Amino acid sequence: MKPLNILRKTSLFVALTVLAGGALATDFSPVTTARLSDAAHDNGWLMYRRDYASNGYAPFKQINTGNVSGLKQVWDYKTGFQQGHEAPAIVNGDYLYITTPKDELIAFQASTGKQLWKYQHDLSQVGLKTVCCDVVNRGVALYGDNVYMATLDNYVVALDGRTGKVVWKKQLIPADVGYAMTLAPLVVKGKVIVGESGGEYGARGFIEALDARTGKEVWKRYTIPAPNEPGGKTWPKGAYKTGGGGAWLTGSYDAATDTLFWGVGNPGPWLATLRPGDNLYTDSVIAMNPANGKIKWHFQYTPNDTWDYDGTNETVLTDINYQGKAYKAIVSASRNGWFYAINRLNGKLIYMKKFATATSVTGEKDGKVTTDPALRPTVDKQVLTCPSFLGGKNWWPISVDPQTHLAYVPTMHTCMTIKGTTVSYKAGLPFLGESFKVVADPAFKGQWGEVQAIDVNTGEQVWNHPSALPWNSGMLSTAGGLVFSGGADGHLYAFDAKSGKVLWKSPELSSGIESVPSTWKVDGKQYVSVYAGWGGATPIWGGDMASDPAVTNIPLGGHLYVFAL
Ligand code: CA
């Protein structure tokens, strides 16, 4: 392979290849199931959270605590859009893929930033009226020779990874009837798995698996059971049809037990007095057989949710030792302000600990989560409770570092006032039944955000980094002893993984950051990337936080940055 590598670097060879009509002479090896199963150790960044366990951890140490201060920008790309930019760069060999908020998919040479191709999904005929929380996209999946994107008008698109040519497109459900897709797909054993958003529109959520080669449906699993299915009796008559339960973030997969884990969002409408019962599988993690979508078990973070806490946040597979006992666990920092460890073999709660001010959810009894009836709004009653519906943490994923056994948790400190209103269902219109306002958390005045490190063996905080601005970026940890995440202040930060000390921050980028950093190696050199591009739910729904001048002054505009030593 060595002579070929040298040859690749010569411009003559590149020019000849382009003249011959081929792709650039950069590496693109087919992304096999074997490579995806070992993605944690790949030189690229092959899926949304790097590996099936969703750790967001890379074993690279070229950039480390000793030299991170020497990181420099090597290339960048401006998207021209002002919406929230949330996708991580996904990298195979020397091919890098990034999506824009308007469902463009762009391929670059990962080492140089040379644009290879661009696919623009046609959104001109759709109103995008059922996209709740800004027009966004969270990136792609890879399998075989293809790259896959889910779109705002409910298509899954498969493109040739080398050329950008469309291989197939499939629309799961029409646009503007309540559904949209914003998540990065997950490929498991040749199936492209996606979930729909729509919990704010009463859309009955579902997860669907498509044949990666053809786009043909393999299975479709509604997250809200019909009356004759297990869990169907946790809903009043007929309510399942508009029960919400969006599955709007990427799940994880455990090959040891052949189990797919996926988080499910809030019930519809938001006002719980309209739908008594536990409302399964809303605000839950469900464990499924990836061959057919059959549900093996579930764990519900917030029963009969009336605060829009969703249950969609990351499901990180990690082995923990709690009170002297070893567990194969899932950990997740839930919107409801509690950090959960769940036994991933059977769905039983191991522990739940508060990581933010949390009053709506009070704890657990016999392993079932309990809530405070006094903090449930009705049509006649406004309550003040914490956290706000934006959550102790929203979608931006935690990272779990196997070296430190710490979970790095981007945290938001807000509470809310919330009151019931009347509502009736109409397809494609919001289905909430509540009015609300995000307010400051009195316990964290002048501090909308924070990065915390939580010991996954105990659920206790080890270090924290307070932030006056909200912290809306996902986390990346590396074997170099570093944790990367982007501030709303437009700096990419590198923290010491053990102490939380800021070891480096980038020059101020052109916008605030609410994306997910990723890292990869090409020809032995390590790169780190992050998207700047403030937007998403916080500025739209953030109440007093959104109107804080420090937040309204955050510059907008999408911009991908790549750094190296
Ligand atoms: Ca929601």
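The structure we're discussing is the one just above.
Residues numbered from 1 in each chain as written. Predicted model: local features only at pLDDT ≥ 70, side-chain atom pairs only at ≥ 80, totals over all residues. Heavy atoms only, no water.

Novice: Which parts of the structure should I look at to understand the overall build of the protein chain?
Specialist: Counting secondary structure elements, the protein chain contains 6 helices and 38 strands. Here the C-alpha radius of gyration of the protein chain, 22 Å, is about what a compact globule of 565 residues would show, namely 24 Å. On the principal axes, the C-alpha backbone points of the protein chain span a range of 75 × 50 × 50 Å. By the burial criterion, 64% of the 565 residues in the protein chain qualify as buried. Considering only residue pairs separated by 6 or more positions, the protein chain has 61% of its internal contacts joining residues 24 or more positions apart. Surface exposure of the protein chain reaches about 19,300 Å², of which carbon and sulfur atoms provide 53%. Of the side chains in the protein chain, 52 bear a positive and 47 a negative charge, and the two mean positions are spaced by 4 Å. (Helix = DSSP H or I, 4+ residues; strand = E, 2+ residues; numbered from the N terminus. Rg over C-alpha atoms; globule rule 2.2 N^0.38 Å. Buried < 20%, exposed > 50% of the residue type's maximum accessible area, 1.4 Å probe, protein only. Contact = heavy atoms within 4.5 Å. Areas by Shrake-Rupley, 256 points an atom, 1.4 Å probe, with all protein chains shown as cover. Lys, Arg positive; Asp, Glu negative; His and termini not counted. Charge placed at Lys NZ, Arg CZ, Asp CG, Glu CD.)

Novice: How do you make sense of the side chain of asparagine 146 when you look at a structure like this?
Specialist: With respect to the secondary-structure elements, asparagine 146 resides in strand E8 (residues 146–150). Those residues in contact with asparagine 146, other than ones at most four positions away along the chain, are Ala141, Ala158, Leu159, Asp160, Gly161, Val167 and Ala212.

Novice: When you look at the layout of surface pockets in this model, what are you seeing that I'm missing?
Specialist: With a probe scaled to a water molecule rolled over the atoms, the places where space remains empty come into view. A volume near 440 Å³ is recorded for the largest pocket. Around the largest pocket, the lining comprises 23 residues; the ones closest to its centre are Ala40, Asp51, Tyr52, Ala53 and Asn55. For the lining of the largest pocket, the element with the highest residue contribution is strand E19 (residues 316–322), accounting for 3 residues. (1 Å grid on protein atoms, 1.4 Å probe; cavity = no way out; pocket = protein on both sides within 12 Å on 5 of 7 lines; lining within 4 Å. Points joined across faces, edges and corners; volume = space filled by probe spheres on them.)

Novice: What should I look at first to understand the environment of glutamate 217 in this one?
Specialist: With respect to the helices, strands and loops of the structure, glutamate 217 is situated in strand E14 (residues 217–222). On the basis of relative accessibility, which here comes to 38%, the residue glutamate 217 falls in the partly exposed class. The spacing of glutamate 217 and leucine 172 is 45 residues in sequence and 8.9 Å in space, taken between C-alpha atoms. Sequence-distant contacts of glutamate 217, defined by excluding residues within four places in its chain, comprise Lys170, Glu208, Ala209 and Leu210.

Novice: What is the right way to read the pattern of salt bridges from this model?
Specialist: Close approach of charged atoms lets side chains of opposite charge pair. Across all of its chains, the model carries 16 salt bridges by this definition. A salt bridge links arginine 35 to aspartate 42; the shortest N-O distance between them is 3.0 Å. According to the relative accessible area criterion, aspartate 42 is buried, its value standing at 13%. With a closest N to O distance of 3.3 Å, lysine 328 and aspartate 319 form a salt bridge. Here the salt bridges share partners, and the residues they tie into one network are Asp254, Asp319, Lys328 and Arg344. (Salt bridge = Lys/Arg side-chain N within 4 Å of Asp/Glu carboxyl O.)

Novice: What should I look at first to understand the environment of leucine 469 in this one?
Specialist: Among the structural elements, leucine 469 can be located in the loop between strand E31 (461–467) and strand E32 (476–478). Separated by 81 residues in the primary sequence, leucine 469 and alanine 550 have C-alpha atoms spaced 7.2 Å apart. Sequence-distant contacts of leucine 469, that is, excluding residues within four places in its chain, are made with Trp448, Gly449, Ala488, Asp489, Ala550, Val551 and Ile554.

Novice: Could you clarify how one ought to interpret the pairing of strand E5 (residues 104–109) in this entry?
Specialist: If a strand is regular, its side chains alternate between the two faces of the sheet. The element E5 is extensively covered by neighbouring structure, given that 6 of its 6 residues are classed as buried. Side chains Glu104, Ile106 and Phe108 of E5 all project onto a buried face; the interleaved residues Leu105, Ala107 and Gln109 project onto the opposite face, where all are buried too. Pairing between strand E4 (residues 95–99) and E5: 5 bridges, direction antiparallel. Looking at E5, one finds that leucine 96 is bridged to phenylalanine 108. Note: E5 against strand E6 (residues 115–120), 5 bridges, orientation antiparallel. Directly across from phenylalanine 108, in E6, lies its bridge partner glutamine 115. (Pairing = 2+ DSSP bridges.)

Novice: Can you help me understand the coordination of the calcium ion in this one?
Specialist: Each pair of donors in an ideal octahedron of six around a metal sits at 90 or 180 degrees, and each pair in an ideal tetrahedron of four sits at 109.5 degrees. At the metal site, the calcium ion is ligated by Glu200 (OE), Glu200 (OE), Asn266 (OD1), Asp308 (OD) and Asp310 (OD), and these contacts range over 2.3 to 3.1 Å. Between consecutive donors of the calcium ion, the numbers of intervening residues give the motif E-x65-N-x41-D-x1-D. With a gap of 42 residues between them, asparagine 266 in the loop between strand E16 (259–263) and strand E17 (284–288) and aspartate 308 in the loop between strand E18 (295–300) and E19 connect regions that are remote in the sequence. Residue asparagine 266 is classed as buried on the basis of its relative accessible area of 1%. For aspartate 308, a relative accessible area of 5% puts it in the buried group. (Donors = N, O, S within 2.8 Å, 3.2 Å for Na, K, Ca; no water.)

Novice: Looking at this model, I keep getting lost on unusual backbone geometry. Mind explaining?
Specialist: With the exception of glycine, most residues fall at negative phi, and the peptide bonds are largely trans. Note the cis peptide between glycine 268 and proline 269, where omega equals -10°. Its place among the elements puts proline 269 in the loop between E16 and E17. In this chain, cysteine 386 is followed by proline 387 through a cis amide linkage whose omega measures -10°. Within the secondary structure, proline 387 is located in the loop between strand E25 (382–385) and strand E26 (399–401).

Novice: How do you make sense of the sheet that holds strand E28 (residues 414–420) when you look at a structure like this?
Specialist: Sheet architecture is open: 3 strands sit in the order E25-E28-E29, paired in antiparallel fashion. For this open sheet the edge positions go to E25 and strand E29 (434–440), each flanked by a neighbour on one side alone. Sheet twist, expressed as the average angle between the axes of neighbouring strands with direction ignored, equals 20°. Where E28 and E29 come together, 7 bridges link them in antiparallel fashion. What sits directly across from cysteine 415, in E29, is valine 439. (Axes fitted to C-alpha atoms, helices over the stretch in contact; angles between N-to-C directions.)

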